[in-house]
Amino acid sequence: MSVSRGPSTAPYLDLYARRGGEAEVLRTRRQEAIERFEAAGFPTVRDEEWRQTNLGSLLRAAPGAASARTIQDRELAPFLYADCPRMVFVNGRYAPEASSPPRQVEAVALAELGAGGAAEAVVEHLGASVNGSASCSADAGVHPFAALNTGLFEDGAAIVIPDGAIVEQPLQVLWLSSPAAGAQAARGKAPAAVEVSFPRLLVIAGENSQASVIETFAAADPGAGGYFVCPAAEFVCGAGSVLHHTRLQADATDAFHLGFQHAQLERSASFDSSSLAFGGGLVRNDTMGLLDGEGSHCTLDGLYVVAGSQFVDNHMRVEHRQPHTTSHQLYKGVLDDRARSVFNGRIYVHQAAQKTDAKQTNRNLLLSKSALANSNPQLEIFADDVRCTHGSTIGRLDEDALFYLRARGIGREQAHGMLVYAFARELVEKASFEPLRQDLEERLLASLNGGGDG
Amino acid sequence: MLRVRDLHARVEQQEILKGVDLEVKAGEVHAVMGPNGSGKSTLAQVLAGREDYDVTAGSLELFGEDLAEMAPEERAHAGLFLAFQYPVEIPGVGNSYFLKAALNAIRKARGENELDAMDFLQLLRERAELVAVDEALLRRPVNEGFSGGEKKRNEILQMAVLEPRLAVLDETDSGLDIDALKTVAAGVNALRSEDRAFVVITHYQRLLNYIVPDHVHVLLDGRIVRSGGSELALELEEKGYAGLTNGSSGG
Ligand SMILES: Nc1ncnc2c1ncn2[C@@H]1O[C@H](COP(=O)(O)OP(=O)(O)O)[C@@H](O)[C@H]1O
Ligand SMILES: [Mg+2]
């Protein structure tokens, strides 16, 4: 009876029907979400918000739940930071043996969520960004992949930072993908089947708490083939809390990565997030910041360094709903070969949000003639006493600078690398946790030296 | 050391150098003078290997090697240095990091061991003092926001650190006050030696009071129209460039 609009949701609904057991307390929440997903359907390029993101090859592949796998320490080592408390997930499932949860905060695996304790807060907030209670304004609609994740996540991490807690050491959440051998498509071909996992994160920062969370998305073996990772993360920032978040995405270059992030801020809360994307073949991140409390502030920064035929799309939506709220966005992209990027930055200032200060910048550096960057700022302002600025640039390496460096004896490749590094460094050096900063620096340098496939 | 023969070069389809001959031997200082637009910077950039300048005829030889096939960095490795008329600002690249990368790239290309951070810093401090470059400039991005004079001093600092065999200074004196001019000259004079040579491109005779050249050449409309000893600079100062097209006294 339904009008066919876009790709069939049936294979994914089938995953829902066949899913394993789940925490009783979450059952209704998931049911609601999957119904919303079913009603919304998959987006197509005819949807304004998805105009530049073609999901065809992903949605033609038959999805299968990523299989359970035990992981060796040596497979984890490249992604972990020494001395960091951590929660490790492999193919979306919690790996307790590889994890060492922190003491100061409650960190629980969602599949093991019982009653009482953190559970109450988790149940209150999990999925609030999808079921309407804390979602963006009505016109933003339901995010289909956030809803899908809510219906289908196998497991996830809930981190509850108590009121007033000052947590020094960052907490790392590692989402490792390890598709079963043989799942990969021939290079450059669309896969017939794809293993999918739905990482789920909920961080609840108590009033006046301070903490840092590092999320890492990676492939255990980047050569083992493609997969589909569809993460959703929610950050509930209590009054006066300060939450730092880093999202390092180093998935396999033939992986699909469709992520959703949602931060909701109470009075005087501060949320500072950096999203660094090096991997993935088709990458889309939808990031939302909801400034729901007077005097709250969010920083949403990002860096994407892509080559070959990688595609990365960042859709930002920041809503100023209360007075004296500030938001800063700085996204920088480095694109080589035939890589493409989209940056869509929407800032929505509600009528009540007087004295809003919003700033958005997107800068792109194209290293090849066939690389392509799109940048679309969208300001919707309904208050009169605000300051909103935006700017975007798409440029190439400065030939004069390149010649200057070479004339001093620095070889072409190294000179190239120095200039690209110079362009991107502020986003890497922003990381205050030294092992993270070093890791990001190494990844950036590695992606500059012989990243692309020509 | 440097042998330029009948050099013709084009920039964007326009012939700028129309047959330049120049020979520089070890130990010599040559001055190239000429009015604005005569092709002095074009000559300097062609020597350094700028790729968008087309050499259409003639030959360039440095230290006995044909320059035609050498990349800019290879010319630097061989010992060529160009102090740019307009030093380039490079945001995000630290000045001292840049100089260390340059020095070590050159040392590596020559099969010498690279300097570690400590040894480099010591060398850098010493040379910075020699050419009166404020240490604060070393920590800033290359040339970014430097004043005109600071940029020129920074070029001379680079020269002092890299110790080239042939240095081409393109109007390093323009825009400098007399004190800065003296420091720049002192930097050059400190490096003068029997196995080094300099080509000093300048617009004014002033610099040549401090760096006394062995030979002076006048470049006019893409050709060297006259060459002589240091007295030629004084003559130019008196008479100007007009009427110099004849009477080449060889070089
Ligand atoms: N990049 C360029 N593009 C076009 N014309 C140029 C370029 N560089 C130099 N020229 C032209 O070449 C001529 C010589 O310039 P230049 O070598 O800079 O002279 P000088 O250094 O003696 O003042 C001038 O007419 C100048 O306009
Ligand atoms: Mg000039």
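This is a predicted model, so every value here is computed, not measured.

1. A closer look at the nonpolar core
The biggest cluster of nonpolar side chains holds 206 residues, and the ones touching the most others in it are I159 and V203 of chain A together with V168 of chain B. It is helix 9 (residues 412-429) of chain A that contributes the most residues to this core, nine residues altogether. When neighbours within four sequence positions are excluded, V168 of chain B is seen to be in contact with A44, L47, F81, L82, A83, V199 and I201 of chain B.

2. Structural notes on the sheet that holds strand 11 (residues 215-220) of chain B
All names here are of chain B. If you trace the six strands from one edge of the open sheet to the other, you get 6-9-10-3-11-12, paired in mixed fashion. Two strands lie at the open edges of the sheet, namely strand 6 (80-83) and strand 12 (223-228), each paired on one side alone. With direction set aside, neighbouring strand axes in the sheet form an average angle of 20°. Here helix 6 (residues 148-162) sits on the sheet in contact with strand 6 and strand 9 (166-170), set at roughly 165° to strand 6.

3. Considering the site of ligand 1
Residue and element names in this part refer to chain B. Around ligand 1, the neighbouring residues are V11, E12, I16, G34, N36, G37, S38, G39, K40, S41 and T42. If one sorts the elements of the shell around ligand 1 by residue count, helix 1 (residues 40-48) sits on top with three residues. Residues belonging to the shell around ligand 1 are distributed by class as follows: two nonpolar, seven polar and two charged.

4. A short note on the interface of chain A and chain B
Between chain A and chain B, the contact holds 16 residues from the first and 20 residues from the second. Elements with a minimum of two residues in the side of chain A that touches chain B: helix 8 (399-407) and helix 9 of chain A. Looking at the side of chain A that touches chain B residue by residue, the classes come out as eight nonpolar, three polar and five charged.

5. Focus on the pairing of strand 9 of chain B
Residue and element names in this part refer to chain B. The element strand 9 is largely enclosed, with a buried count of five among its five residues. The alternating pattern of strand 9 places L166, V168 and D170 and A167 and L169 on opposite faces, both of which are buried. Looking at chain direction, strand 6 and strand 9 are connected through four bridges and run parallel. Opposite L82, over in strand 9, you have V168 as the bridge partner. The sheet contact formed by strand 9 and strand 10 (residues 197-202) spans five bridges and is parallel. Looking across to strand 10, one finds that V168 is bridged to V199. In the classification by handedness, the crossover that spans strand 9, the intervening helix 7 (residues 178-191) and the parallel strand 10 is right-handed.

6. Here we look at helix 7 of chain B
All names here are of chain B. The end-to-end C-alpha distance of helix 7 is 20 Å, a good match for the 20 Å that 14 residues give at a rise of 1.5 Å each. Turning to helix 7, its buried residues number three or more, namely A180, L181, V184, A185, G187 and V188. Across the axial projection of helix 7, the buried residues extend over an arc of 155°, all falling on one side. Among the exposed residues of helix 7, those oriented more than 90 degrees off its buried face are I178, D179 and A190. Elements that come into contact with the buried residues of helix 7 comprise helix 4 (117-130), helix 6 and strand 10.

7. A look at helix 4 of chain B
All names here are of chain B. For helix 4, built from 14 residues, the straight-helix expectation of 20 Å at 1.5 Å per residue is met to within 8% by its first-to-last C-alpha distance of 20 Å. Of the residues making up helix 4, those classed as buried are L124, R127 and A128. Down the axis, helix 4 shows its buried residues gathered within 100° of arc, on one side only. Pointing more than 90 degrees away from the buried face of helix 4 are the exposed residues M118, D119, Q122, E126 and E129. Turning to helix 4, the residues buried within the fold contact helix 3 (95-109), helix 5 (135-139) and helix 6. Looking one or two places after helix 4, you find A132, whose phi comes out positive at around 55°.

8. So, the environment of P72 of chain B
Residues and elements named next belong to chain B. Position of P72 relative to the elements: it lies in helix 2 (residues 72-78). Owing to 27 C-beta atoms within 10 Å, P72 belongs among the buried residues under this scheme. As for P72 and P213, which are separated by 141 residues in sequence, their C-alpha atoms are 26 Å apart.

9. Observations concerning the sheet that holds strand 18 (residues 326-335) of chain A
Residues and elements named next belong to chain A. Spatial strand order, 3-2-6-9-12-14-16-18-20-22: ten strands in an open sheet with mixed pairing. Single-partner strands in this sheet number two, and they are strand 3 (93-94) and strand 22 (387-396). Inspection of the sheet shows strand 2 (residues 86-90) paired to strand 6 (residues 171-177) by five bridges, in the parallel sense. Bridge assignment links M87 to a residue of strand 6, and that residue is V173. The sheet contacts of helix 9 involve strand 14 (270-277), strand 16 (297-306), strand 18 and strand 20 (357-366), and relative to strand 18 the element is tilted by about 150°.

10. Considering the confidence of the model for chain B
All names here are of chain B. With 96% of its residues at a pLDDT of at least 70, chain B reaches an overall mean of 91. Mean pLDDT across the secondary structure elements of chain B bottoms out at helix 8 (residues 231-239), with 86, and peaks at strand 6, with 98. Across the predicted assembly, pTM comes out at 0.91 and ipTM at 0.96.

The rules behind the values
- Residues numbered from 1 in each chain as written.
- Chains lettered and ligands numbered in written order.
- Predicted model: local features only at pLDDT ≥ 70, side-chain atom pairs only at ≥ 80, totals over all residues.
- Core = buried A, V, L, I, M, F, W, Y, C linked by C-beta atoms within 7 Å.
- Buried ≥ 20, exposed ≤ 12 C-beta atoms within 10 Å, placed from the backbone.
- Helix = DSSP H or I, 4+ residues; strand = E, 2+ residues; numbered from the N terminus.
- Contact = placed C-beta atoms within 7 Å.
- Pairing = 2+ DSSP bridges.
- Axes fitted to C-alpha atoms, helices over the stretch in contact; angles between N-to-C directions.
- Near = placed C-beta within 6 Å.
- Nonpolar A, V, L, I, M, F, W, Y, C, P; charged D, E, K, R; others polar.
- Right-handed = clockwise from strand over helix to strand, strands pointing away.
- Expected span 1.5 Å × (residues − 1).
- Arc of directions from axis to C-beta.
- pLDDT = per-residue confidence, 0-100.

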